[in-house]
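# A look at the structure
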Amino acid sequence: MSDQPRRPRKPAKPYRRPKKDPVRILAFEALRAVDERDAYANLVLPPLLRKARENGDFEARDAALATELVYGTLRRQGTYDAVVAACVDRPLREVDPPVLDVLSLGAHQLLGTRIPTHAAVSATVELARVVLGDGRAKFVNAVLRKIAQDDLDGWLERVAPPYDQDPEDHLAVVHSHPRWVVSALWDSLGGGRAGIEELLRADNDRPEVTLVARPGRATPAELLDEEAAEPGRWSPYAVRLTEGGEPGAITAVADGRAGVQDEGSQLVALALANAPVEGRDRMWLDGCAGPGGKAALLGALAAERGALLLASEKQPHRAGLVAKALHGNPGPYQVIAADGTRPPWRPGSFDRVLVDVPCTGLGALRRRPEARWRRRPEDLDGFAPLQRGLLRTALESVRPGGVVGYATCSPHLAETRAVVADLLKQFPDADLIDARPLLPGVPDLGEGPDVQLWPHLHGTDAMYLALIRRTG
């Protein structure tokens, strides 16, 4: 036994509680809602931000950072998953979803923002300590330090297959879209590599907020008085808020005299309203009116001509949103909750009919980036009968000489031209009319007669429109 005295042990470091970062905690909560409840970020995030401001936790710049963290992470989720997968020793499906959300948030800060590396790692590890616990925070720390060893371009060279070996998979990883979505968009767009890359990049850009001044109730000039407001590119009623902001704080929007509406959606309503009809022009129908943006614009345009708009929506709560959007319309209108495939009105009742049918929403991936990961190819089979049923009813509901507008917020050929072609076979007294002249000044509208808008070409959602006249 040694007579040497024992060295005194170093005192243990006192436990340090993790620092709570309200911005990153809120971003994590939003991502968990999207993942766990299939929520949409554009519906989840505003009330979270509002509550944080009311609690005094947030300033304007904090809200901007939280918004960027949420939307940036969702837009590049596929890319970040590929990077994280290269840095862990197990399949991603074996990583707990909350841990993966924290890792994705950290990856976005490291690879998609200007936040310094040390700050991105330390802030994300602190978040992990708060929401995951110290044990899993060590795992997060180890993975993030591996990710921090390279920038985004370097990682893409490592995790994306070469373009010449697998073009669609390369684009899927580089631009963070599921492979089947890349394939579908490319089929619809046509052309070579440059066009599809521009489209996929545009899907990952933050869209501007676009307002509509509802005719007879507000003017674009009134909205242009707002800070960082510019005229729309194509719609005479559109105003773009180039730096975002809170539309609900604008008086005309709060009063319902103006609204938030993508310019592509405005163009669809305007094209139907301006299409030539033979004879009377007194009865208009919006057969899929929820949540009410197109109905409000159509109602205002109908009022200018002394026409009545009937807005029909199957879901009662969405019909309530339509009624709210139309409240104060200067002309006659009616809102009903009805199944558009089993309508309560008589055939041939209307002069103009719009059906903006339920669809996969692949045309609005800028605004709902999480939809790209939620949708599956088999969803097309679910929408197909409804889309055809609604267009069939629309064609039955319009009188001879009247016009039907078939619209979708998806460019997928199975939801656009295939539906229209099938129904035209069933209605030999219905003909496509050229929609392009009804979008004056809008370039790159293709060979017609239908119209497909694109984010990278027009700065709009990828709206599709076919105009059909009954001739029988």
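One structure accompanies this document, and this report is about it. (Residues numbered from 1 in each chain as written. Predicted model: local features only at pLDDT ≥ 70, side-chain atom pairs only at ≥ 80, totals over all residues. Heavy atoms only, no water.)

### Let's talk about unusual backbone geometry
Residue Pro-291 is reached from Gly-290 by a cis peptide bond, and omega for that bond is 0°. Along the chain, Pro-291 falls in the loop between strand 5 (283-286) and helix 15 (293-304). Residue Pro-449 is bonded to the preceding Gly-448 through a cis peptide linkage, with omega at 0°. Located in the positive-phi region is Ser-176, a residue other than glycine, with phi close to 60°. Mapped onto the elements, Ser-176 comes out in the loop between helix 9 (167-174) and helix 10 (179-189). For Ser-176, a relative accessible area of 0% gives the class buried. The phi dihedral of Asp-444 falls on the positive side, at around 55°, and the residue is not glycine. Tracing the chain through its elements places Asp-444 in the loop between strand 10 (430-433) and strand 11 (451-452). (Helix = DSSP H or I, 4+ residues; strand = E, 2+ residues; numbered from the N terminus. Buried < 20%, exposed > 50% of the residue type's maximum accessible area, 1.4 Å probe, protein only.)

### Let's talk about empty space enclosed by the protein
The probe, sized like a water molecule, is rolled over the atoms to show the empty space still left. Applying the stated rule across the entire model yields 2 cavities of 30 Å³ or more. In this model, the largest cavity occupies a volume close to 40 Å³. The wall of the largest cavity is formed by Leu-267, Val-268, Leu-439, Val-451, Leu-453, Met-463, Tyr-464 and Leu-465. Elements that contribute at least two residues to the lining of the largest cavity include exactly helix 14 (263-274) and strand 12 (464-470). A class-by-class count of the residues in the lining of the largest cavity yields 8 nonpolar, no polar and no charged. Approximately 30 Å³ is the volume found for the second largest cavity. Looking at the lining of the second largest cavity element by element, the count peaks at 3 residues for helix 18 (residues 379-397). In terms of residue class, the lining of the second largest cavity is made up of 6 nonpolar, 3 polar and no charged. (1 Å grid on protein atoms, 1.4 Å probe; cavity = no way out; pocket = protein on both sides within 12 Å on 5 of 7 lines; lining within 4 Å. Points joined across faces, edges and corners; volume = space filled by probe spheres on them. Nonpolar A, V, L, I, M, F, W, Y, C, P; charged D, E, K, R; others polar.)

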